[in-house]
Amino acid sequence: MSESMFIRLFAGVPLDDFDAIPLLRFGQWLLPVGIFLLAVGFDKERDGKAEMLSLYRYGTVPGWWKRHFGKGVTAGIKTAGLLLFLVLACDIAMGNLFVLSAELLAKISILWLFHSASMAALFALLDLFPIRRFAPGAIFLLEGVTFIIGSRFRAVSCWMYGMWGMYLQSSFCETGGFPAGGILAAEAAFSAAGFWIGREYLKKKRI
């Protein structure tokens, strides 16, 4: 299992790997997260002006925000899926596919895609504010800091955002892991909250 690049990059850090901050495993987790955020940021920067101009075509703020938010989350999911596919293709090319059962592949992919969707939702929300250029760094920092807190204080680890995408931290893998179903629901609620906050913010700004 340790030979699989897919597992090293997308499964996260094992529950029993916390005598000290596991820099290698944590760095392997942060690599695709960083690539994902850079790709989403590049897409936002490329389409930013066109997105703002499209507000006039929609006529209403809720209509524009619904499209803008949905487009951002959809693009994030596609980017996350592409990363999964590319790494899986590398595993196939190197002959490491035998360590990945269909069930394991599905569970890792589901957690990663839901987590990526929530990051894309947060990115879309932060894109409304003057700090929009710092959104990739802010989300990356959120991921890292909350993971470190969770790794040092196990009692609160299941509440830490930086843990939520990790298969090896979940009940899918370990009985002591965070409840996978509950976290998937929480990330869906997190994304819905981002949509609602953005809509209310735009209404108050009277854009």
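Residues numbered from 1 in each chain as written. Predicted model: local features only at pLDDT ≥ 70, side-chain atom pairs only at ≥ 80, totals over all residues. Heavy atoms only, no water.

This next bit is on helix α5 (residues 102-126). For the α-helix, the turn length of 3.6 residues means that residues three or four positions removed from each other point alike. In this model α5 runs 36 Å from its N-terminal to its C-terminal C-alpha over 25 residues, within 8% of the 36 Å that 1.5 Å per residue would give. Of all 25 residues in α5, 18 are buried; the element is thus mostly enclosed. (Helix = DSSP H or I, 4+ residues; strand = E, 2+ residues; numbered from the N terminus. Expected span 1.5 Å × (residues − 1). Buried < 20%, exposed > 50% of the residue type's maximum accessible area, 1.4 Å probe, protein only.)

In this section: the packing of aromatic side chains. In this structure the tally under the stated criterion is twelve aromatic pairs. Taking 5.3 Å as the distance between ring centres and 55 degrees as the angle between the ring planes, the aromatic pair formed by tryptophan 65 and phenylalanine 69 counts as tilted. Remark: phenylalanine 69 and tryptophan 65 occur in helix α4 (residues 61-93); sequence separation between them is four residues, near one turn of the helix. Neither residue differs from the other here; tryptophan 65 and phenylalanine 69 are each classed as buried. In this structure an aromatic cluster arises from ring pairing among Phe6, Phe10, Trp29, Phe36 and Trp112. (Phe/Tyr/Trp six-rings, centres within 6.5 Å; stacked < 30°, edge-to-face > 60°.)

Before going further, it helps to spend a moment on the nonpolar core. Formed by 41 residues in total, the largest nonpolar core has its most connected members in Phe6, Phe10, Phe36, Ile108 and Trp112. Of all the secondary-structure elements, those providing two or more residues to this core are α1 (5-10), α2 (23-53), α4, α5, α6 (135-152) and α7 (180-205). Per element, the largest residue contribution to this core is nine residues, and it comes from α5. Once residues lying within four places of it in the same chain are set aside, the contact partners of tryptophan 112 are Phe10, Trp29, Pro32, Val33, Ala80, Leu83, Leu84 and Gly165. Counting eleven residues, the second-largest nonpolar core is a separate cluster that includes Val61, Trp65, Val73 and Leu125. (Core = buried A, V, L, I, M, F, W, Y, C linked by side-chain atoms within 4.5 Å. Contact = heavy atoms within 4.5 Å.)

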